[in-house]
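Here is how the chains run, residue by residue.
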Amino acid sequence: MPDRMDEYLVHQTREPLAVLASDDPDWQEAIYFNAQDPGGELSAIGGLEVLPNAGYVRAFFLTLQRGEHSTYMYAGPLGNWREELRAGTLSFSIVDPLKAWRFELADEANGIHAELEFRARCPAYSYAPIRCGSEGRLAIDQSYYSQAGVYTGTFRVGGRTFSRLQGLRARRWGVLRMQQLPFYHWISADLGD
């Protein structure tokens, strides 16, 4: 059944967009953001993963501020993920494709409130497709790109408000089976220059 997004000229198969080209239950689309203040007092990582074939969404937001860790996690049924990137009280939206994103979080349990807009300071950099496995089974088969930027808006945690942040964002899609990997390390670092 077609939905609003089928109106756009974005199809890559003969099926409506609601029908994925892969029937793998581990196929996913994900977004990732990290942010740090230049003074080193705050570090935050957040993201959202949708698994359309499995019918659910996962989201996370982790902070480290003055030695205090906070964690926001959400997993639940998948909604209209092509138009609304929301999981619990964490939401993301595209302001200007490949240039600006917005994210908001109201985590009352940890006292975290964020209303931030990420603005790119360079083009998005694509990586060669990541494809690897273990013991003869494919564990990762994904496309990936990342982009450095700066944040405007406010981020409140631990009684402090931060408004000058920098960081990275990333996009990935494809199959990911973490439980089949003997290890997984990914380092994203935004260097000021």
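Look up: the structure comes first, before these words.
Residues numbered from 1 in each chain as written. Predicted model: local features only at pLDDT ≥ 70, side-chain atom pairs only at ≥ 80, totals over all residues. Heavy atoms only, no water.

Novice: Can you help me understand the overall build of the protein in this one?
Specialist: The helix and strand inventory of the protein stands at zero helices and 13 strands. In the protein, the succession of helices and strands from N to C terminus is β-β-β-β-β-β-β-β-β-β-β-β-β. Against the globule reference of 16 Å for 193 residues, the protein gives a C-alpha radius of gyration of 17 Å, in line with a compact fold. Seen through its principal axes, the protein has C-alpha atoms that stretch 50 × 40 × 35 Å. (Helix = DSSP H or I, 4+ residues; strand = E, 2+ residues; numbered from the N terminus. Rg over C-alpha atoms; globule rule 2.2 N^0.38 Å.)

Novice: Explanation requested: unusual backbone geometry in the structure shown.
Specialist: Residue arginine 66 is not a glycine yet carries a positive backbone phi of 50°. Note on placement: arginine 66 falls in the loop between β3 (56-65) and β4 (68-77). Phi is positive for leucine 98, which is not a glycine, with a value near 65°. Counting through the fold element by element, leucine 98 comes out in the loop between β6 (90-96) and β7 (100-107). What makes leucine 98 partly exposed here is its relative accessible area of 49%. (Buried < 20%, exposed > 50% of the residue type's maximum accessible area, 1.4 Å probe, protein only.)

Novice: How should I be thinking about the pairing of strand β8 (residues 112-120) in this particular structure?
Specialist: Within a regular beta strand, the side chains point alternately toward one face of the sheet and then the other, so they alternate between its two faces. Sheet topology places β7 next to β8; eight bridges connect them, and they run antiparallel. Note on β8: the bridge partner recorded for glutamate 104 is glutamate 115. Hairpin connection of β7 to β8: four residues between the antiparallel strands, including glycine 111 at a positive phi of 65°. (Pairing = 2+ DSSP bridges.)

Novice: What's the story with the packing of aromatic side chains in this structure? I'm lost.
Specialist: Geometrically, a pair of aromatic rings is defined through the distance of the ring centres and the angle of the planes. Taken as a whole, this structure holds eleven aromatic pairs when the rule is applied. Plain terms: the ring middles of phenylalanine 33 and phenylalanine 103 are 5.6 Å apart, the flat faces sit at 45° to each other, and that makes the pair tilted. Here the residue phenylalanine 33 occupies a position in strand β1 (residues 27-36), and phenylalanine 103 occupies one in strand β7, the gap between them amounting to 70 residues. Owing to a relative accessible area of 2%, phenylalanine 33 belongs among the buried residues under this scheme. Connected via pairs of aromatic rings, a cluster forms that spans Phe33, Phe61, Phe92, Trp101, Phe103, Phe118, Tyr151 and Phe155. (Phe/Tyr/Trp six-rings, centres within 6.5 Å; stacked < 30°, edge-to-face > 60°.)

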